Amino acid sequence: MLEGNPMQNRVYHLGRRMAGTTLLLAATALPSMAQDNAAMCPGGFGQAPQLQAMVDAGNLPPVADRLPVEPLVVQPADGIGSYGGQFIDSWGGGNVADFRQFGYDPLVRWSVDGSTVEPNIAKGWEISEDATSYTFFLREGMKWSDGQPFTADDIVFWWERVENNPKVMTGGPRGEMLNNGGKPTVTKVDDYTVTFTYEQPNGLFLQNLAGPYGQRVVMFPKHYMEQFDIDLNPEGVAEMMAEAGATDYAAWWKGNVGSYGDASQFNNPERPTLLGWIGQDSILGKERVTFVRNPYYFKVDPDCQQLPYIDERVWTLAADPEVTLLQAVQGQISMSPRNVSTPQNRAVFFDNQEAGNYHLVPATSCDYNTAVLGLSVNHPDPIKAEVFGSKDFRAGLSHAINRQEIIDTVYLGQGEPFQPAPLPGSPFYNEALAKEFTEFDLAKAAEYLDKIVPMGPDGVRLGPDGKPFSFAIDINADFRPDTVDAYQLIERTWKQVGLDVTINFHSDELFGNARARPDSDGAVWVGENGCGQLPLVNLGRFMNDYGYWSLGNWSGWAAWDIKRLNPDAELPEGWTPVEPPANVQRLYELRSIIPTTVGEEQAALMGEFTDLLAEEFLTIGIATPAGFYRSVKNEVHNVPESLIEGWLYPGPAPINFETLYIAQ
Amino acid sequence: MGHFMLRRMLYALPALIAVSIISFLVISIPPGDFITRTAELRAAQGDIMPLAEQEAMRRAYGLDQPIPLQYWNWITGIVTRGDFGYSFAFNLPVKDVIWPRMGLTIVLSLASLLFIWAVAIPIGIYSAVRRYTVGDYVATFLGFLGLAVPNFLLALAAMYIAFAGFGLSVGGLFSPEYVEAPWSWERVVDLLGHLWLPMIVLGTAGTASVIRIIRANLIDELHKPYVTAARAKGKGEFALLMKYPVRHALNPFVSGQNDIFVDIVSGGTIVAIVMGLQTTGPLLLDALRTQDMYMAASFILMLSVLVVLGTLLSDLLLAWLDPRIRYQQG
């Protein structure tokens, strides 16, 4: 596609080998010299008949003028498609993750298989030798969905007037944009070149941009958004706020403009977008929502036809998962959503394939564990803090879990015993960490437990203070119902080794409070973002420190880390620093350092990180998640042979929905 | 009568004030708020919300203020401007969320009420007059069945039968092409085509209890001397039945209709959720689950006002139906 253009390739080595693929981040540098896109497709571009009719009627510029000089050529999974049809999704009513099948067109993106970061809106990039400066080359002639040009000014506007505007982002820029706490300077070099410069090397910037939060960079058309900026348009904003009865600007902005993650981001059909389909009406409170093809979308297929193929994306509301399931097996929706595509529903889906006219496409999960247990290492009760902080206790608990039985009965035979660790196939896979203490052995469990909670005279284990030791685990019964079944089995084997344990099952509404209680003994959650390179941008989760969020009380160590990074930092209410053991201190240090390194150095530090995790064994896992799938209507083509579920890889959105087509 | 009405309305005032405070407290007291709930829901999607962002949202929504102040702002808005506050989840004023759904809710509720009355009153009368006949036993059996089977189960079963047996589309009150379409004759026809299933499901339990009430009361009345007297005077059997004992038998039924408005607004919540109906019931449940507090509190307040109004109305209706009550109340 870039033939004839002067092109320079610089290759940046950013990691070790992964699953047979060399992890390379290619950077195409130097903007194209071409003046128009005629040379690329001498036969001209194809477009949807509806758009052709509008062009013929004089209501729309010709397709060659709507496309950038260098459109992105997307290779469809199977072959060239045809225009038309609807793609129907089920949704719960307006939350971002219901849009995990929509809205993924960041500056740079994950490849379909999730192994590398690829050009998307940026046609290329250049990274300085020391990885402090990232220069992105935009596509000349690229336009927003209202026909206005998309340029470096839009990105600078986002950085200055949104991300760094305390009046809308009152907490400052999101962590994904920072590097070890430091902000970049964002400079417009020319209309189609923009540079992000950090003080320290940033080894993870591309991965962070390719994740869901990277979408923020390219969703603020300056020419349209200026009217919502209270400093640029004070009277206009005051009027709009008065009309909405709003008093607080930040709340009004969040509710009416919004960024990635806010339901309002798709609620305004007037808002120009770079995505493949654009809204027709507001969406909040609606039962059925239709988005239509963006006539200015910047991608084409190898036959020079403008994408997307599919005319309309439709979301149909189903408040109850059972209704969603019925809709899916009836073949009313094009691709089943994640919440019903569970191993437990597989039989229902399988049986109705013919009647519903769909088939099942297997999906691998990026989750690194089905259920992760974190214990309160900073429990306010010193006895409990001592026990939960003991690796022997955790090892004992882990040996007393019959993982194979859980896999056979709860997970229908899918998956393997696993601890919270990068998945096999990830360049950061560490077998010692993944497999330690996974063997079911009650004798070994007793041996470990005896070191910290010795068996008392009447068959109940005693704490270090000589009194009977009991603890409780909080579980969200609605989030992943399989966790309930798994922990019922675990409770039985734990009691066999003399542990006095209570498992508390909470509804979704109450779990948050139970988990956040300072004296919660421990809680269970799924482990996310463990495949490919994702562990790199997910170090905190492996340490059970997600920011303010943790399983069990971890606030003492988290507070220690906050103070380590910035002695003047204000701590959240009720947090007191507790100095962690030396290994954990080093883990926290690594969490700060790894993002600022690249190449071999980064790989070596990741090795140290996982080795230390293995030595400390902070959290307890059960198994690798497996057996996932999606139902896809038979009429839908170009869906890859297998899908990836994830969050930082926001699967399945990166499968190029614009290349899917409906067979007529 | 006017005096009686006025006094009843005055009594209602302190009740309403207490109700408004309680409904606000009910929402505010549990630990956590809309923001913590949002953060938990985001976490379930993989998205951990930074603490700073949560604090900022809390400030923006005014949730960092003390509860009495929040209550005062809310209630003065209602009393002075008719402003029920803001729904965080929908990012719209509460009234803009509730009213559009009210129309369909009322249609559905009235349809099922009419269904109940049309089916239950004649059957109730029949099974009282023809006591211990085969017809009575069949009606009684079906009635108890209707009472015993939970509505949502019936809804699930009906939906499955509609899907497996007849291949009908399930969920919702409209076919896809009419869901967000403007009103038209075709849309009304489409609505009627979908309305009958939830109407029957919502109506079955109600039908059963009304049958039992009418039957029991009518049996008490049928053997009273005034009936014998009227019969002795040669009054036709059907006219006699309708004019005297049935009118008496309706008394408890009418006084039991004081929660009719509440049923109309929030009735059949679980059925509506299971069947994916765009009525107000699921809104209330969602508001409670997400701690969307102005929405939930306003909803509870409205329901309480409707209970008070309904009670007033059923009192008046009863006074009109039964002269004895009129005289006692002065």
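Just so it is clear, the model here is predicted, and its values are computed rather than measured. (Residues numbered from 1 in each chain as written. Chains lettered and ligands numbered in written order. Predicted model: local features only at pLDDT ≥ 70, side-chain atom pairs only at ≥ 80, totals over all residues.)

Q: What should I look at first to understand the sheet that holds strand β11 (residues 277–279) of chain A in this one?
A: Strand pairing in a sheet is mediated by backbone hydrogen bonds. Such pairs are either parallel or antiparallel. All names here are of chain A. Strands sit in the order β4-β14-β12-β11 across an open sheet of four strands; the sheet is mixed. This sheet does not close on itself; its edge strands, each paired only once, are β4 (86–91) and β11. Adjacent strand axes in the sheet meet at a mean angle of 25° when their direction is disregarded. Both strand β12 (residues 288–293) and strand β14 (residues 312–317) contribute to a ladder of five bridges, which runs antiparallel. Residue pairing across strands places valine 289 opposite tryptophan 315, the latter belonging to β14. (Pairing = 2+ DSSP bridges. Helix = DSSP H or I, 4+ residues; strand = E, 2+ residues; numbered from the N terminus. Axes fitted to C-alpha atoms, helices over the stretch in contact; angles between N-to-C directions.)

Q: Is there a simple way to explain the domain arrangement of chain B in this structure?
A: Many structure descriptions define interface size as the accessible area lost when the parts assemble. Residue and element names in this part refer to chain B. Taken domain by domain, chain B holds domain 1 (2–93) and domain 2 (97–329). Of note, the centres of domain 1 and domain 2, computed from C-alpha atoms alone, are 31 Å apart. Across the contact, 25 residues belong to domain 1 and 18 residues belong to domain 2. Put simply, the parts of the chain that give the side of domain 1 that touches domain 2 at least two residues each are α1 (2–28), α2 (34–44) and β1 (86–87). (Domains from an automatic or database assignment. Contact = placed C-beta atoms within 7 Å.)

Q: Can you help me understand the interface of chain B and chain A in this one?
A: Facing 40 residues of chain B, the contacting portion of chain A comprises 42 residues. Breaking the side of chain B that touches chain A down by element, the ones donating at least two residues are α2, α3 (51–60), β2 (92–93), α7 (151–164), α13 (269–275) and α14 (280–289) of chain B. Of all the elements, α2 of chain B adds the most residues to the side of chain B that touches chain A, at six residues. Tallied by class, the residues present in the side of chain B that touches chain A amount to 23 nonpolar, ten polar and seven charged. (Nonpolar A, V, L, I, M, F, W, Y, C, P; charged D, E, K, R; others polar.)

Q: Would you mind going over unusual backbone geometry with me for this structure?
A: Peptide bonds are mostly trans, and most non-glycine residues show a negative phi. Residue and element names in this part refer to chain A. In the segment running from leucine 307 into proline 308, the intervening peptide bond is cis, with an omega of 0°. Position of proline 308 among the secondary structure elements: in the loop between β13 (299–300) and β14. Note that the residue after glycine 651, namely proline 652, is joined by a cis bond; omega there is 0°. Along the chain, proline 652 falls in the loop between β22 (643–645) and β23 (661–662). The phi torsion at alanine 131 lies on the positive side, around 60°, for a residue other than glycine.

Q: I keep staring at the nonpolar core and nothing clicks. Help me out?
A: Note that soluble globular proteins tend to have their nonpolar side chains buried in a common cluster. With 225 residues, the main nonpolar core has Leu138 and Val524 of chain A together with Ala296 and Ala297 of chain B as its most contacted residues. In contact with valine 524 of chain A, other than residues within four places in its own chain, are Ala371, Val372, Leu373, Ile473, Ile475, Thr483, Tyr487 and Leu551 of chain A. Counting residues in each nonpolar core, the second largest holds 15 residues, with Ala120, Ile123, Val210 and Leu218 of chain B among its members. (Core = buried A, V, L, I, M, F, W, Y, C linked by C-beta atoms within 7 Å. Buried ≥ 20, exposed ≤ 12 C-beta atoms within 10 Å, placed from the backbone.)

Q: Where do I start with helix α21 (residues 599–616) of chain A in this structure?
A: Spacing of three or four residues puts side chains on the same side of an α-helix, whose turn is 3.6 residues. Residues and elements named next belong to chain A. Over its 18 residues, α21 runs 26 Å from end to end, which matches the ideal 26 Å to within 8%, given 1.5 Å per residue. Three or more residues of α21 are buried, namely Gln602, Ala603, Met606, Phe609, Thr610 and Leu613. All buried residues of α21 project into a common sector of 115° when viewed along the axis, lining one side. Looking at the buried residues of α21, the elements they touch are α14 (431–435), α18 (539–542) and α20 (582–593). Among the residues trailing α21, phenylalanine 617 stands out with phi positive, at a value near 50°. (Expected span 1.5 Å × (residues − 1). Arc of directions from axis to C-beta.)

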